[in-house]
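# A closer look at the structure
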Amino acid sequence: MKVPSLLLLTFLPGCVAAIGNTGYRTTTPAEALPLLQQRVDTAQRIVDLRQRSVDELLALQQAGQVTPRDLNLAQIALEESRLVLLQCKAELVANQRHEAARH
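Read on for a plain summary of the structure. (Residues numbered from 1 in each chain as written. Predicted model: local features only at pLDDT ≥ 70, side-chain atom pairs only at ≥ 80, totals over all residues. Heavy atoms only, no water.)

As a working rule, side chains carrying opposite charge can pair if their charged atoms are close by. Counted under the stated rule, the structure contains three salt bridges. The partner of R39 in a salt bridge is E91, and the shortest N-O contact between them spans 3.4 Å. Remark: E91 occurs in helix α3 (residues 68-102) and R39 occurs in helix α2 (residues 33-62); sequence separation between them is 52 residues. Judged by its relative accessible area of 1%, E91 falls in the buried class. (Salt bridge = Lys/Arg side-chain N within 4 Å of Asp/Glu carboxyl O. Helix = DSSP H or I, 4+ residues; strand = E, 2+ residues; numbered from the N terminus. Buried < 20%, exposed > 50% of the residue type's maximum accessible area, 1.4 Å probe, protein only.)

Listed below in structure tokens is the structure:
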């Protein structure tokens, strides 16, 4: 796989995950909890894909096929996706607790 393709795979999922990220609201209806869980699951898959991309870039860098800059960009994207995952998890937990407190 060529480096531009790897970089595209590295950055594109983050754009998709960022859509609709609304922060730590606790006013989500109970019916939306499955959707929040789906966001967490999707964010986890993105983290996994980005980790795999970083691992591949590390191997390519050792072979002299990737610049340190490309690897750094992929590592930054991985860390950003981890932050999105944490935000999604925090929102899910907050809404679950809010829903539990209502009952």
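With that settled, the discussion passes to α2. Here α2 spans 44 Å end to end across 30 residues, near enough to the 44 Å set by a 1.5 Å rise per residue. L33, L36, V40, A43, I46, V47, R50, S53, V54, L57 and L60 are the residues of α2 that are buried. (Expected span 1.5 Å × (residues − 1).)

Looking at the element boundaries, S81 is found in helix α3. The contacts of S81, once residues within four sequence positions are left out, are I46, V47 and R50. (Contact = heavy atoms within 4.5 Å.)

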